[in-house]
Amino acid sequence: MLEIRQLSFCYPGQSSGWTFGFSVAPGECLAIQGPSGSGKSTLLGLIAGFLAPDRGEILWQGQAIHNLSPWQRPVTSVFQDHNLFEHLDVFTNIGLGLHPGMKLNPEQASAINQGLTRVGLEGFGQRRPGELSGGQRQRVALLRSILRRQLVLLLDEPLTGLDTQTRSTLYRMLTEEKARGVALVLASHDEEDRRVLADRHWNL
Ligand SMILES: Nc1ncnc2c1ncn2[C@@H]1O[C@H](COP(=O)(O)OP(=O)(O)OP(=O)(O)O)[C@@H](O)[C@H]1O
């Protein structure tokens, strides 16, 4: 269970902030709802560890994780900027998510190639992110997060702008992650994303 307990945060210099509190079970998808600017990305940044809370706790299976570095948390995320290394090719961008020294075993290498095929990017492994469209970059970032096989997956507007067929494939892949016991936290303005993926909603 992912538990967010009385988690408070205020950006430096701002007069007001947020206090968040909810839980997400393994295999469940919680959709975070709220208008633009209400703090959805901020909340995901706190869970990922890119922002430090002023107070409160984040627990996974009863263990506090809010004091851990982002890479020590059982969490992976897809943010709107996709966060790809521009100087590295697609295969390496994904591979580094699986092993920081790119020491991939044959199963991992073949999972990357099969994943690329599945999301419609067969043959794109040697391309750099700068040679991809926005939707292709998005698919690389999503695939990297899915293949990391973490226990908590944070998704910030993950499928915005993708075509219907690609969205269906990614809905299937994300549903498989839920079946594997991954806890998903989804911030999306897209009603279809929430209808297909979310089990519960939490309003900001
Ligand atoms: N680094 C920052 N410093 C100060 N204020 C910030 C910073 N980043 C975001 N904010 C402010 O915090 C508020 C919440 O932003 P956030 O990006 O979390 O909202 P959101 O709900 O994800 O919005 P959207 O749906 O448009 O993506 C906004 O008012 C934003 O201007």
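Residues numbered from 1 in each chain as written. Predicted model: local features only at pLDDT ≥ 70, side-chain atom pairs only at ≥ 80, totals over all residues. Heavy atoms only, no water.

Participant: Any chance you could break down the overall build of the chain for me, citing the residues and the numbers?
Facilitator: If you tally the helices and strands in the chain, you get six helices and nine strands. On C-alpha atoms alone, the chain measures out to a radius of gyration of 17 Å, which is about the 17 Å that the 2.2 N^0.38 rule sets for 204 residues. When its C-alpha atoms are laid out on the principal axes, the chain stretches across 50 × 35 × 35 Å. The proportion of buried residues among the 204 residues of the chain is 50%. Intrachain contacts of the chain at a sequence separation of at least 6 include 67% that bridge at least 24 residues. Accessible surface computed for the chain: about 9,800 Å², of which carbon and sulfur atoms make up 48%. (Helix = DSSP H or I, 4+ residues; strand = E, 2+ residues; numbered from the N terminus. Rg over C-alpha atoms; globule rule 2.2 N^0.38 Å. Buried < 20%, exposed > 50% of the residue type's maximum accessible area, 1.4 Å probe, protein only. Contact = heavy atoms within 4.5 Å. Areas by Shrake-Rupley, 256 points an atom, 1.4 Å probe, with all protein chains shown as cover.)

Participant: Mind laying out the site of the ligand, listing which residues take part and the relevant values?
Facilitator: In the region of the ligand, 13 residues are neighbours, and Ser36, Lys40, Ser41, Thr42 and His189 sit closest. In this structure, Thr42 approaches the ligand through a side-chain N or O atom, which is 2.6 Å from an oxygen atom. Relative to its unbound accessible surface of 640 Å², the ligand loses 58% to contact with the protein. The dominant element in the shell around the ligand, judged by the number of residues it contributes, is helix H1 (residues 40–48), at three residues. Grouping the constituent residues of the shell around the ligand by class yields three nonpolar, nine polar and one charged. (Near = heavy atom within 4 Å. Polar contact = N/O pair within 3.5 Å; in protein donor to acceptor, adjacent residues only side chain to side chain. Nonpolar A, V, L, I, M, F, W, Y, C, P; charged D, E, K, R; others polar.)

Participant: Lay out the environment of Trp18 with the relevant residues and their values.
Facilitator: Relative to the elements of secondary structure, Trp18 occurs in strand S2 (residues 18–24). For the pair formed by Trp18 and Gln6, sequence separation is twelve residues and the distance between their alpha carbons is 9.5 Å. Engagement of the side chain of Trp18 in a polar contact is seen with the backbone oxygen of Ser38, the distance being 2.7 Å.

Participant: Break down the sheet that holds strand S3 (residues 29–33) for me, citing the residues and quoting the values.
Facilitator: Here we have five strands laid out as an open sheet, ordered S6-S7-S8-S3-S9, and parallel in their pairing. Both edges of this open sheet fall to strand S6 (75–78) and strand S9 (200–203), since each of them pairs with a single strand only. Going from strand to strand, the sheet's axes swing by 20° on average, the running direction of each strand aside. In the sheet, S3 pairs with strand S8 (residues 183–187) via four bridges, with the strands oriented parallel. Note on S8: the bridge partner recorded for Cys29 is Leu184. On the sheet, H1 packs against S3, S6, strand S7 (152–156), S8 and S9 and is oriented at approximately 155° with respect to S7. (Pairing = 2+ DSSP bridges. Axes fitted to C-alpha atoms, helices over the stretch in contact; angles between N-to-C directions.)

Participant: Run through the sheet that holds strand S1 (residues 2–9), naming residues and quoting values.
Facilitator: Ordered in space as S2-S1-S4-S5, the four strands form an open sheet in which the pairing is antiparallel. The outermost strands of the open sheet, each flanked by one partner alone, are S2 and strand S5 (63–64). Bridge analysis of S1 against S2 gives six bridges, and the strand direction is antiparallel. Note that in S2 the partner of Ile4 across the bridge is Phe22.

Participant: Quick rundown of the pattern of salt bridges? Include the residues and the values.
Facilitator: Once their charged atoms are close, side chains differing in charge can pair, the charge on each being opposite to the other. A full pass over the atoms with the stated rule returns eleven salt bridges. Of the charged contacts in the structure, one is a salt bridge between Asp199 and Lys178, with a shortest N-O distance of 3.1 Å. Pair noted here: Asp199 is in the loop between helix H6 (191–197) and S9 and Lys178 is in helix H5 (residues 164–179), with a separation of 21 residues, a long-range link. Judged by its relative accessible area of 43%, Asp199 is partly exposed. One connected set of salt bridges, linked through shared partners, spans Arg167, Asp190, Glu192 and Asp193. (Salt bridge = Lys/Arg side-chain N within 4 Å of Asp/Glu carboxyl O.)

Participant: Help me get a handle on the packing of aromatic side chains, residues and values and all.
Facilitator: Overall, the coordinates contain six aromatic pairs when judged by the stated rule. Ring plane angle 85° and centroid distance 4.9 Å describe the contact between Phe9 and Tyr11, whose orientation is recorded as edge-to-face. In this structure Phe9 comes out as buried when scored by relative accessible area, which is 6%. Centre to centre, the rings of Trp18 and Phe20 are 6.3 Å apart; their planes meet at 15°, and the pair counts as stacked. An aromatic cluster of at least three residues, connected via ring pairs, comprises Phe9, Tyr11, Trp18, Phe20, Phe22 and Trp202. (Phe/Tyr/Trp six-rings, centres within 6.5 Å; stacked < 30°, edge-to-face > 60°.)

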